[in-house]
Amino acid sequence: MADVNPKRASQFLQKCIKPEDNGGDAQPKEEVLEEPSLPVITQSYPQTVQEEISMVFNTYNMAANLGPASRRKREKGANHDGTSTSLYVDRRKSKVWNYYTKLGDAYVECNVCKKQLSFHNSTTTMREHLVRKHSIRDTLLSQLKDDQASESDCMAQENMIKRSRQMTPENYLYHAASCSEPRTDVILELVLEMIFRDLHPLSVVKDKGFGLLIGYLEPNFTLPSPIQLSSMLWHRYNVVKQHLERYLQTAQSIVICVEFWVSQPNQTYLTITANFIDGEWRRARCILETQPVHETKGEGDLGEKLFSILTEFGLSNKSIFCVMHDSLQNTVMNSQPLKRAYGWTSLCCAAHTLHLCIKAGLEVEQVQEALTAARGIVSYFQQDAKATCSLNSKLEAINKTKLKLVMDVGSRWITTIEMCESLLDLKWAIMSLLEEHPKGTLAVQNLADHQWKLLQDLVPVMRTIKIATSFLREEQNISISSLMPCIHGIVAAIGQQLEESSDVIKMVVGNIRSELMQRWSISEDEKVLESPAIIASFLDPRFKEMRFLSPNLRSELHKRVKNMLSEVFNHQSPPSTQFWVPNSDYKAEVGEAGGQLSAHKDRGPNGQSQSMYDILLGKDPTESMPEIHQQLENYIVEPLCKRSTNPLDWWKTNEHRFPAVARLGRQYLAIPATVVLPDQAFAANESTLEHRRAVLTPENLDQILFLHQNFDFLESMRNSNEMRGRNLHAQY
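Quick summary incoming for the structure in this document. Computed from a prediction, not measured in an experiment: that's the story for all the values here. (Residues numbered from 1 in each chain as written. Predicted model: local features only at pLDDT ≥ 70, side-chain atom pairs only at ≥ 80, totals over all residues. Heavy atoms only, no water.)

Points about the sheet that holds strand β6 (residues 283-292)
So, step 1. The strand order across the open sheet formed by five strands is β6-β5-β4-β7-β8, and the pairing between neighbours is mixed. The sheet is open, and its two edges are formed by β6 and β8 (345-348), each paired on a single side. Direction aside, the axes of adjacent strands within the sheet are offset by 25° on average.
So, step 2. Packed onto the sheet, helix α12 (residues 226-248) meets β4 (254-262), β5 (268-277) and β6 and runs at close to 130° relative to β6. (Pairing = 2+ DSSP bridges. Helix = DSSP H or I, 4+ residues; strand = E, 2+ residues; numbered from the N terminus. Axes fitted to C-alpha atoms, helices over the stretch in contact; angles between N-to-C directions. Contact = heavy atoms within 4.5 Å.)

A short note on the pairing of strand β2 (residues 107-110)
So, step 1. Taken together, the four bridges between strand β1 (residues 100-103) and β2 define a ladder with antiparallel strand orientation. From the neighbouring strand, L103 faces β2, where its bridge partner is Y107.
So, step 2. Where β1 folds back onto β2 in an antiparallel hairpin, the turn is made up of three residues, including G104, whose phi is positive at roughly 70°.
So, step 3. The turn joining β2 and strand β3 (residues 116-118), which pair antiparallel and follow one another in sequence, is formed by five residues; a positive phi near 65° is taken by K114.

What to know about the environment of V459
So, step 1. Structurally, V459 is set in helix α21 (residues 449-472).
So, step 2. Judged by relative accessible area, V459 falls into the buried class, the value being 5%.
So, step 3. Residues V459 and L424 lie 35 residues apart in sequence; the distance between their C-alpha atoms is 9.6 Å.
So, step 4. Residues contacting V459, with those up to four places away along its chain left out, are I417, C420, E421 and L424. (Buried < 20%, exposed > 50% of the residue type's maximum accessible area, 1.4 Å probe, protein only.)

Some remarks on the packing of aromatic side chains
So, step 1. Counted according to the given criterion, the structure contains 18 aromatic pairs.
So, step 2. Ring centres of W97 and F119 lie 5.4 Å apart, and the angle between their planes is 75°; on these two criteria the pair is classed as edge-to-face. Pair noted here: W97 is in the loop between α5 (68-76) and β1 and F119 is in the loop between β3 and α6 (124-134), with a separation of 22 residues, a long-range link. Pair check on accessibility: W97 and F119 agree, each one buried.
So, step 3. Seen from their ring centres, W261 and Y269 are 5.0 Å apart, and the 20° between their planes marks the pair as stacked. Accessibility classification places W261 together with Y269 in one group, the buried group. (Phe/Tyr/Trp six-rings, centres within 6.5 Å; stacked < 30°, edge-to-face > 60°.)

Here's what the structure looks like:
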């Protein structure tokens, strides 16, 4: 391995420490490198949340140790006088750039199809897109492979110089010191990131395969012990936690979600997550803490835990709008203790409630018998090797090898419909095999004809509900505002399927509809109007017409929202409020009676009092209407948005038109429909997150999950702020 030229390495470090000014020579300051970086982080904090976030996520770039490809590139680009020009290599030297246009630092656009791709300092994805989508094959692109490693290294060098030029005085020392960070420290930090990003236990460093890999890549590197990694993990956890505390202080109101889950040693945990909408109308979701659950305690203990965690993050009771849970214990389902003790409204996860409704519908005796027989058939073909081979042979003969039998899971109702669908798709093959092999009929009981018919009639009902969950899984429908239109749609749609259904299916549909209406209080007008989901739907510009409610209920809902706005307005001091500021010519021209004409009315063009028109046309209704109520009326008559519109994007654009209503919208639209992300809540299989966290040791589980969620979240917030700043800079 060739050594790096000392003169070029010295010049490179000088440029990292102090960027060139107007093309002049860099002036090194060696004493900067002697200052330790960590005290600068712990003793000085930036004044803004964006600057804080930027401090946490500075990567350790080792320009002097980027590998042999980088060194060859620098030596190849060296001038005769010994200086290197590799720092200024054109990143678009690769011929792939002939087909792309750069959009900022993170995206590129294909010139052929105008599709935008993410860009991470490598052209691999761009080349694969050209080959797959446009058949631009290896004849042109094969020559690019040799340049990839060197191109990526040069990009890393250029990005490091860009960061050094963007350094603020407060974090300058930290960046300068990181330029000279030893390579072993960089690898150590990357091992730590691998652990919390991919949810590995700390013991992964003791695994033989991992040791062989690191030993081959870095023969001189000594793997850290789990104890050393634990200390590093705690330090990173505390740093990120400090920045998260600052970020949470910017939230107008927070929705707490409590997820109950079980690890492999059968220990129950609860993960507490904060949800809110920030000032840029971005949905924020960050983990606060993960704790073990003691089965002997109920919701009183839950309230104490939540209060303790909120205090730890500097949050008060008033900052919490409501608490949503997905409880494994019936005691937590009661919302009264949290309401009485802390004033928090308690909501149940929509995915969990929907599962309970469907479970009640499937408890019909005939359905249970058919499903039990169906599970027996699936189990037989999955466990008997000869039966599996025979089934696969039949499928290969008709070129339908993609069809597979699916076994359902009791805790995931979506798997039940998948099992029924897979059996119906393979009905002909299953019946044929059971007839050809008499021993098979002894090992498993075939479904009777009426049971096959029952499964066939059950699938459309279940598929209707599955479509609703697909709607809730879309990004713009994460909020609880999309829930009630879906629930009313399910009740109406499956009700229409009753006309030509059998008595058994009518019982199933009746049970599901009854559970849906009871758990979401659809038939109780007073409870409907008190539901946060209903108010959130009204504040969603896509559903604000509330077509699923009766005209009387809509009118009552408008009055209730108007009263809520009045309460918010009365609790705000007009000089300091941000969502409503009186006009400069605003005067209290209406007497205490509210209906008498004032002698101080504005005069018309001829100097006559405007009150004379009131005799002819009646009193102007907007004259005595508070500004916030006028905003509400204007919002109600606003045209509906398309269903594909993201309500947060709409409010970001229209907040200035309805600031008081927007304030209420930011509060209610922050409530998610499910405790966890919808993709996980309505998934048929266990997610990677659920699988990996179940095997983590209790000692470091909280810190690993905390960093896994929040590190990427805060980093995305930082990248978004940087992108917005660049766009604003480009405009001016």
